[in-house]
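Okay, here's what each chain looks like letter by letter:
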Amino acid sequence: MKRLVLALLTTAWLAWSHGVRAELVVVVNAENPVTELSSRQLIDLYMGRFNAYPDGTAVLTTDLPADNPLREAFYRQLVGKSVAQINAYWARLLFTGKSEPPYTISSINGVTDYVKKNKNAIAYINEAELSTGLKVVYRFEDPK
């Protein structure tokens with residue numbers, strides 16, 4: 001029952017906040033030499049296929065909690081999968097020992113602070129959360 005309520009709330013939030021989806025951006029520390037990432041590179045980083053930026057520098061991927069609607073929007077746009085599907089994917093990878101999932105941080109403020117303090121960190125946020133110390137390296141296209 002709890003899962004159903006959460007799914008309904010997430011769906012309602014996504015329907016209500018269509019504008020958030022168009023404002024989703026991926027950011028790195030302003031000192032990070034990466035200036036842009038392709039969707040393929042982003043998928044490879046967030047799905048555990050690579051653990052380094054294109055220049056070979058280690059990457060610190062971040063995630064929001066599973067119940068955060070922004071996380072649902074991010075994975076829906078990135079790979080067309082729900083958070084439940086992403087969690088199952090990571091469970092399989094963890095079982096095989098092939099990769100580690102992104103580091104989960106409890107809030108948007110926590111994510112932005114983490115990226116500002118870690119030159120190699122990467123995160124997805126709503127564009128409205130942009131602040132000094134962050135640099136946009138990917139913008140999701142409006143899905144209209």
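Residues numbered from 1 in each chain as written. Predicted model: local features only at pLDDT ≥ 70, side-chain atom pairs only at ≥ 80, totals over all residues. Heavy atoms only, no water.

Visitor: In this structure, what is going on with the side chain of arginine 71? I would like to understand it.
Guide: With respect to the element layout, arginine 71 can be found in helix H4 (residues 69–79). Classification of arginine 71 by relative accessible area gives buried; the value is 7%. Among the polar contacts made by the side chain of arginine 71, one reaches the side chain of aspartate 63 at a distance of 3.5 Å. Once residues within four sequence positions are removed from consideration, arginine 71 is found in contact with Asp63, Leu64, Pro65, Ala66, Val83, Asn87, Thr104 and Tyr124. (Helix = DSSP H or I, 4+ residues; strand = E, 2+ residues; numbered from the N terminus. Buried < 20%, exposed > 50% of the residue type's maximum accessible area, 1.4 Å probe, protein only. Polar contact = N/O pair within 3.5 Å; in protein donor to acceptor, adjacent residues only side chain to side chain. Contact = heavy atoms within 4.5 Å.)

Visitor: Whenever I open this one, the nonpolar core confuses me. Can you help?
Guide: Buried together is how nonpolar side chains tend to be arranged in soluble globular proteins. Counting residues in hydrophobic clusters, the biggest one holds 36 residues, and the most contacted among them are Val26, Leu42, Phe74 and Ile122. Elements that contribute at least two residues to this core include exactly strand E1 (24–29), helix H3 (39–46), H4, helix H5 (83–96), helix H6 (108–117), strand E4 (121–126) and strand E5 (134–139). Non-local contacts of valine 26, meaning those with residues more than four positions away in its chain, are made with Leu42, Phe74, Ile122, Ala123, Tyr124, Lys135, Val136, Val137, Tyr138 and Phe140. (Core = buried A, V, L, I, M, F, W, Y, C linked by side-chain atoms within 4.5 Å.)

Visitor: Even after reading the chapter, I still don't get the pattern of salt bridges, so can you show me in this structure?
Guide: For side chains of opposite charge, pairing can occur when their charged atoms come near one another. Under the definition given, this model contains five salt bridges. A salt bridge links arginine 40 to aspartate 44; the shortest N-O distance between them is 3.6 Å. Of this pair, arginine 40 and aspartate 44 both sit in helix H3, four residues apart, roughly one helical turn. Exposure remark for arginine 40: the relative accessible area of 46% places this residue in the partly exposed category. On the basis of relative accessible area, aspartate 44 is assigned to the buried category, the value being 10%. Here glutamate 72 makes a salt bridge to arginine 76, at a shortest N to O gap of 2.9 Å. With glutamate 72 and arginine 76 both in helix H4 and four residues apart, the pair spans about one turn of that helix. Take arginine 76: its relative accessible area is 42%, and that puts it in the partly exposed class. (Salt bridge = Lys/Arg side-chain N within 4 Å of Asp/Glu carboxyl O.)

Visitor: Teacher, can you tell me more about H5 here?
Guide: Residues that lie three or four places apart on an α-helix share one face, since the helix turns once every 3.6 residues. The end-to-end C-alpha distance of H5 is 20 Å, a good match for the 20 Å that 14 residues give at a rise of 1.5 Å each. When H5 is considered as a whole, its buried residues turn out to be Val83, Ile86, Tyr89, Trp90 and Leu93. The arc enclosing the buried residues of H5, seen along the axis, measures out at 120 degrees, which places them on a common side. Every exposed residue of H5 that faces more than 90 degrees away from the buried side is listed here: Ala84, Arg92 and Phe95. Those residues of H5 hidden inside the fold are in contact with H3 and H4. Of the residues one or two after H5, glycine 97 is the one with positive phi, at around 75 degrees. (Expected span 1.5 Å × (residues − 1). Arc of directions from axis to C-beta.)

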